[in-house]
Amino acid sequence: MTRRYSAWTLAKEGLRGHAGWQPAWRSPAPKPSYDAVIIGGGGHGLATAYYLAKNHGIRNVAVIEKAWLGGGNTGRNTTTIRSNYFYPESVALYDFALKLYEGLGRELNYNIMFSQRGVLTVAHSEGEMEIAARIVNAMQINGTDAELLTPAQALDKAPLLNRDPRARYPVFGAVWQGRAGVARHDAVAWGYARAADGLGVDIIQDCEVTDFLVENGRCTGVETTRGTIRARSVGLAVAGHSSVLAAKAGFQLPIQSYSLQAMVSEPVKPCLDTVVLYMGTGTYLFQSDKGEIVVGGGLDRVPSYAQRGNPPMQRTVLSGMLEMFPSFGQLKMLRQWAGNVDVVPDSSPLIGPSPLPGLYLNCGWGTGGFKSIPAGGWLLAHLMATGSHHAVSRPFDLDRFVTGRLVDEAAGSGIAH
Amino acid sequence: MQLFPCPFCGPRDETEFQFATEAGKTRPEPAAEVSAERWTKYLYLKDNPKGPTREVWLHVTCGEFFLMERDTVSHAVAGSQALGGDPR
Ligand SMILES: Cc1cc2nc3c(=O)[nH]c(=O)nc-3n(C[C@H](O)[C@H](O)[C@H](O)COP(=O)(O)OP(=O)(O)OC[C@H]3O[C@@H](n4cnc5c(N)ncnc54)[C@H](O)[C@@H]3O)c2cc1C
Ligand SMILES: [Zn+2]
């Protein structure tokens, strides 16, 4: 049986009709008890399981997923990875994630197709250029790469951008983060799943957590559609469903669930080799390796669990695309979909102990948590293994809503998450 | 495009409306005696239910806040009423 992926094993298996490949992970029945159980088989849950095994030697671990791996937001997201945030706490978090992404394909022995093609955030007025300069300064002071581009430099990065002098949103300049980029969403979930499975983690799909076991005021496991599973430590990484599970555990969260949608066009020849975001339209897009134009924008305005998306935002996103790239008016859109994202008032995540002892949170990533999967997993694993915060996750504790020490990225970095 | 029923203007396009908050939140008083935890609950914590919900919405066009009952999965609207007024 062949487990390791390499050019050599590919060639060898090619000669043997690819009959020797081992499944990427097992599908075991749940055991009655584990050292740690993680609810949610998205990127954050799977990464948590991997780092529990890898960093802390805790291998008697299960990931419980109600549907299929990565079928939540992870498999629906537009995969932009960047760390262009404003506050030091945020840059420490997102740049940690970006650094882990830079070595992840090799670490997991799985091609996550991480392509550091840069993100171009375009400004349209002198006022926005001042905001852009402020963001660039903050990023540089926080130790991450950022450049302020002139209009000519910005147009050079994306030559098809609207050059009409009468454009509603002219190109006045841009913020450039060259280390940012995109990765393959499924591959991140599958890569972590395969690596975690290799370290002994049980990945259990088609198993919904329906309630919590609470003994002496402490969470001691979960009730599932496949029976009771006991655990010393339980992690919650269910994104848009965090409030539903919090209610079962007896507490509320500062989260509102919304739909976030995206679309792809038919595949076309290579014409765009970076990710472009317009401050004015809130629309962002890039070209996938298959040639499709992947386009997204802001949240639907109606609180929702529908995973469907309403027409007004489609119109906003597509009209934004046409403003940015008039030539894309020729494209035919192929697919539209939505995820169920967990939005927090200060647009920063919630990582830390929950009000129920023994249950730990990793949620509130809202529209931007794909980029942080390696860090979110690393930090939740640290919490579950040690019972206390890693320095990077401390500012993102739930207690900031009591102390008032918010990490207000919605206002701070002026970017649509 | 979905239509939402404003109790004052009748059915109007969803783009004319803005979500305000979950219904049933009462400002704790007197302010000086309210603990930080109680403010947190009032200002930030939500039920965020999956399924039927009661919410306060703003019809931006006429400027009125009102109550709306709807379902967060199907998006079906069960009804709306003026704040403190009769159902309609
Ligand atoms: C359209 C769209 C575009 C996006 N674009 C970007 C982007 O460009 N860059 C970026 O960084 N982020 C982006 N995001 C956000 C990103 O996708 C999420 O923040 C991230 O994937 C969250 O990962 P997760 O593991 O926390 O959640 P998910 O991947 O949603 O995983 C949660 C899992 O929990 C499971 N679950 C729920 N309830 C239960 C239960 N009771 N029992 C068991 N399992 C349960 C779900 O089935 C799901 O698989 C985008 C999101 C969307 C929807
Ligand atoms: Zn009205």
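Being a predicted model, the structure only gives us computed values, none of them experimental.

I'm lost on the overall build of chain A in this one. Help?
Across its full length, chain A holds 12 helices and 18 strands. Here the C-alpha atoms of chain A give a radius of gyration of 22 Å, agreeing with the 22 Å that 2.2 N^0.38 yields for 417 residues. Taken over the C-alpha atoms alone, chain A extends approximately 65 × 65 × 40 Å along its principal axes. Among the 417 residues that make up chain A, the fraction classed as buried is 58%. Pairs at least 24 apart in sequence give 74% of the contacts found in chain A among residues at least 6 apart. The average position of the 38 basic charges and that of the 34 acidic charges among the side chains of chain A differ by 5 Å.

What is the right way to read the overall build of chain B from this model?
Along its length, chain B carries 1 helix and 6 strands. The order of α-helices and β-strands along chain B, N terminus first, is β-β-β-α-β-β-β. With respect to the principal axes defined by its C-alpha atoms, chain B has extents near 45 × 25 × 25 Å. Counting only residues that meet the buried cut, chain B has 39% of its 88 residues in that class. Once local pairs closer than 6 in sequence are excluded, the contacts in chain B between residues at least 24 apart make up 40%. Entry remark: accessible area of chain B is about 5000 Å², with carbon and sulfur atoms responsible for 52%. In chain B, 10 positive and 13 negative side-chain charges are present, and the distance between their average locations comes to 2 Å.

What is the right way to look at the domain arrangement of chain A in this model?
Quoted interface sizes are often the accessible area lost when the parts come together. Residue and element names in this part refer to chain A. Each assigned domain of chain A is listed with its residue range as follows: domain 1 (28-110 + 184-254 + 346-412) and domain 2 (119-178 + 256-343). In this structure, domain 1 and domain 2 have C-alpha centres spaced 28 Å apart. Tallying the contact residues gives 28 residues for domain 1 and 27 residues for domain 2. Summing both partners gives a buried area of about 2200 Å² for domain 1 against domain 2, and 52% of it is carried by carbon and sulfur. Our count for the contact surface shared by domain 1 and domain 2 stands at 0 salt bridges. In this structure, the connection of domain 1 to domain 2 is made through 15 residue pairs in polar contact (both at pLDDT 80 or more). Residue assignment for the side of domain 1 that touches domain 2 shows that the elements contributing at least two residues are α3 (88-102) and α8 (242-249).

Please clarify how the site of ligand 1 should be interpreted in this entry.
Residue and element names in this part refer to chain A. With respect to spatial proximity, 38 residues lie near ligand 1, and among them Glu65, Asn73, Thr74, Thr78 and Lys371 are the closest. Between ligand 1 and Glu65 there is a distance of 2.6 Å, counted from an oxygen atom to a side-chain nitrogen or oxygen. Between ligand 1 and Lys66, the relevant distance is 3.1 Å, taken from a nitrogen atom to a main-chain nitrogen or oxygen of the residue. Bound to the protein, ligand 1 loses 96% of the 1000 Å² it would expose on its own. When contributions to the shell around ligand 1 are tallied by element, the ones reaching two or more residues are α2 (43-56), β12 (256-267) and β16 (333-343). Top element by residues in the shell around ligand 1 is β12. It accounts for 3 residues. Broken down by class, the residue content of the shell around ligand 1 amounts to 14 nonpolar, 19 polar and 5 charged. Inspection of the shell around ligand 1 shows a minimum of three residues originating in each of domain 1 (28-110 + 184-254 + 346-412) and domain 2 (119-178 + 256-343).

For this particular structure, what's the right way to read the sheet that holds strand β4 (residues 119-123) of chain A?
Residues and elements named next belong to chain A. Taken in spatial order, the 8 strands make up an open sheet running β5-β6-β4-β13-β14-β15-β12-β16, and their pairing is mixed. With partners counted over all chains shown, the strands left at the sheet margins are β5 (147-149) and β16, one partner each. Sheet twist, expressed as the mean angle between neighbouring strand axes with direction ignored, is 25 degrees. Both β4 and strand β6 (residues 173-177) contribute to a ladder of 5 bridges, which runs antiparallel. Note on β6: the bridge partner recorded for Ala123 is Gly173. Its contacts with the sheet place helix α9 (residues 311-324) against β12, β13 (275-278), β14 (284-287), β15 (292-303) and β16, and it is angled at close to 140 degrees to β15.

Got a minute to help me understand the coordination of the zinc ion (ligand 2) in this structure?
Ideal values for angles at a metal depend on the geometry: 109.5 degrees with four tetrahedral donors, 90 or 180 degrees with six octahedral donors. All names here are of chain B. At 2.0 to 2.3 Å from the zinc ion (ligand 2) lie its protein donor atoms, namely Cys6 (SG), Cys9 (SG), His59 (ND1) and Cys62 (SG). Each of the 4 donor atoms around the zinc ion (ligand 2) contributes to a set of angles spanning 104 to 118 degrees, which defines the coordination as tetrahedral. Between consecutive donor residues of the zinc ion (ligand 2), the sequence gaps follow C-x2-C-x49-H-x2-C. In this pair, Cys9 is assigned in the loop between β1 (3-6) and β2 (10-13) and His59 in strand β4 (residues 52-59), connecting sequence segments 50 residues apart. Residue classification places Cys9 among the partly exposed positions, given a relative accessible area of 32%. Exposure remark for His59: the relative accessible area of 0% places this residue in the buried category.

What counts and how
As a convention, each chain's residues are numbered from 1 in the sequence order in which they are written. Throughout, the order in which chains and ligands are written sets their labels, letters from A for the former and numbers from 1 for the latter. Totals for whole chains, interfaces and linings use all residues, but because this is a predicted model, local features are given only for residues with pLDDT of at least 70 and pairs of side-chain atoms are given and counted only at 80 or more. For the side-chain quantities, the full set of heavy atoms in the structure was used; hydrogens and water were omitted. Think of it this way: any DSSP run of H or I at least four residues long counts as a helix, any run of E at least two long counts as a strand, and we number them from the N terminus. Values of the radius of gyration come from C-alpha atoms, whereas the globule rule sets the reference at 2.2 Å times the count of residues to the power 0.38. Relative accessible area decides the class of each residue, using a 1.4 Å probe on protein chains only: under 20% of the type maximum gives buried, over 50% gives exposed, and in between gives partly exposed. Any pair of residues with heavy atoms lying within 4.5 Å of one another is described as a contacting pair. Only four residue types enter the tally: Lys and Arg on the positive side, Asp and Glu on the negative side; His and the chain ends are excluded. A single reference atom marks each charge: NZ on Lys, CZ on Arg, CG on Asp, CD on Glu. Note on areas: Shrake-Rupley with a 1.4 Å probe; residue coverage comes only from the protein chains shown. Where each domain begins and ends is defined by an automated method or by a domain database. Two parts lose some accessible area (1.4 Å probe) when they are put together, and adding that loss for both gives the buried area. The salt bridge criterion pairs a side-chain nitrogen of Lys or Arg with a carboxyl oxygen of Asp or Glu, the two atoms within 4 Å. Throughout this description, a polar contact denotes any pair of N or O atoms lying within 3.5 Å of each other; where both atoms belong to protein, one of them has to be capable of donating a hydrogen while the other can accept it, and for residues adjacent in sequence the pair is counted only when both atoms sit in side chains. Only a single heavy atom is needed: when it lies within 4 Å of a molecule or strand, its residue is near that molecule or strand. Any residue that is not Ala, Val, Leu, Ile, Met, Phe, Trp, Tyr, Cys, Pro, Asp, Glu, Lys or Arg is counted as polar, Gly included; the first ten are nonpolar and the last four charged. Any two strands with at least two DSSP bridges between them are considered paired. To obtain each axis, a line is fitted to C-alpha atoms, and for helices this fit is confined to the stretch in contact; angles are then taken between N-to-C directions over 0 to 180 degrees. Atoms of type N, O and S within 2.8 Å of a metal are treated as its donors, and for Na, K and Ca the window is 3.2 Å; water is not considered, so some sites may appear to be missing partners. Only two sets of limits are used to name each site, 85 to 135 degrees for every angle of a tetrahedral four-donor site, and over 155 degrees for opposite donors with all other angles from 65 to 115 for a square planar four-donor or octahedral six-donor site, with any other site named irregular.

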